[in-house]
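Summary of the model geometry
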Amino acid sequence: MTFTSEKSRNIGILIFDGVEELDFVGPYEVFTMSNETHGREGRERPDKVTLITETGRAVTGAKGMTVEAHASIADASKLDLLLVPGGIGTRREAENEALLAWIAKTAETCEWVTSVCTGAILLCAAGPAKGKRVTTHWTYIAALREGSGAAAVLENIRYVRDGNLVTAAGVSAGIDMALWLVGQMHGEDHARLTQLAMQYDPAPPYAAAV
């Protein structure tokens, strides 16, 4: 698999009712900030970042945020990177055969197939994560180990790569994973500039106050 900083990618983020907001908003911020950083570097081919729902209609997140979609699964462009976030809605969507079939088909031609938090449930149910090493939110580690088909479910780690599959732990870990992915696609220097632009340099809890 070849990764070049000059290539533009189609990045699709699947969202659904009950999605955990930061699971997808964090990576969305990373990928779109990467585009802005491209502009400052004089590059002309930023990535396209698309929010996708099953029907193309708006969804309501786990914390009550209502989000409009850019596309439905029927009219979404061919993707280079698919990101599946988590949230309480994944339990319902794990039984949604139409959505799982779309994930499986889309993943076949992606450079990267990724999840945040319990989005790993959907990647296991749809097939791309079966036989692979994955991670998820710490509260769902044990459940995912039972019958998910994953080769191993790792804990105490921010994100796990197995081939072109990358799964992140809970919620904020998606930001770390997305920055790493930007580095894979556009180079580490560009990823570090994106991180700087976001001012993403978390201090230990309660240690940042002055």
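Here we summarise the structure given alongside this text. All values derive from a computational prediction rather than experimental measurement.

Procedures and definitions
- Residues numbered from 1 in each chain as written.
- Predicted model: local features only at pLDDT ≥ 70, side-chain atom pairs only at ≥ 80, totals over all residues.
- Heavy atoms only, no water.
- 1 Å grid on protein atoms, 1.4 Å probe; cavity = no way out; pocket = protein on both sides within 12 Å on 5 of 7 lines; lining within 4 Å.
- Points joined across faces, edges and corners; volume = space filled by probe spheres on them.
- Nonpolar A, V, L, I, M, F, W, Y, C, P; charged D, E, K, R; others polar.
- Helix = DSSP H or I, 4+ residues; strand = E, 2+ residues; numbered from the N terminus.
- Buried < 20%, exposed > 50% of the residue type's maximum accessible area, 1.4 Å probe, protein only.
- Contact = heavy atoms within 4.5 Å.
- Pairing = 2+ DSSP bridges.

Looking now at the layout of surface pockets. Rolling a probe over the atoms, with the probe sized like a water molecule, indicates the empty space that remains. Taken as a whole, the largest pocket encloses approximately 190 Å³ of empty space. Taken together, 13 residues form the lining of the largest pocket, with Phe16, Asp17, Glu54, Val59 and Glu93 sitting closest to its centre. By residue class, the composition of the lining of the largest pocket is 6 nonpolar, 2 polar and 5 charged. Within this model, the second largest pocket holds a volume of roughly 150 Å³. Together, Thr135, Thr136, His137, Trp138, Ile141, Glu155, Asn156, Ile157, Arg158, Ala169 and Gly170 line the second largest pocket.

Here tyrosine 159 is to be found in strand β10 (residues 159-162). Judged by its relative accessible area of 26%, tyrosine 159 is partly exposed. C-alpha of tyrosine 159 to C-alpha of threonine 136: the two residues are 23 residues apart in sequence and 8.4 Å apart in space. Beyond its immediate sequence surroundings of up to four residues, tyrosine 159 is in contact with Thr135, Val166, Thr167, Ala168, Asp176, Met177 and Trp180.

Every other side chain in a regular strand lies on the same face of the sheet, so the side chains alternate between the two faces. Judged by how many residues are buried, strand β1 (residues 10-14) sits mostly within the fold: 4 of 5 residues are covered. As paired elements, β1 and strand β2 (residues 48-53) share 5 bridges and run parallel to each other. Bridge pairing links isoleucine 11 to valine 49 in β2. Of the strand pairs in this sheet, β1 and strand β6 (residues 81-84) are connected by 3 bridges, and their pairing is parallel. Considered in β6, the bridge of isoleucine 13 is made with leucine 83.

Keep in mind these values describe shape, not function.
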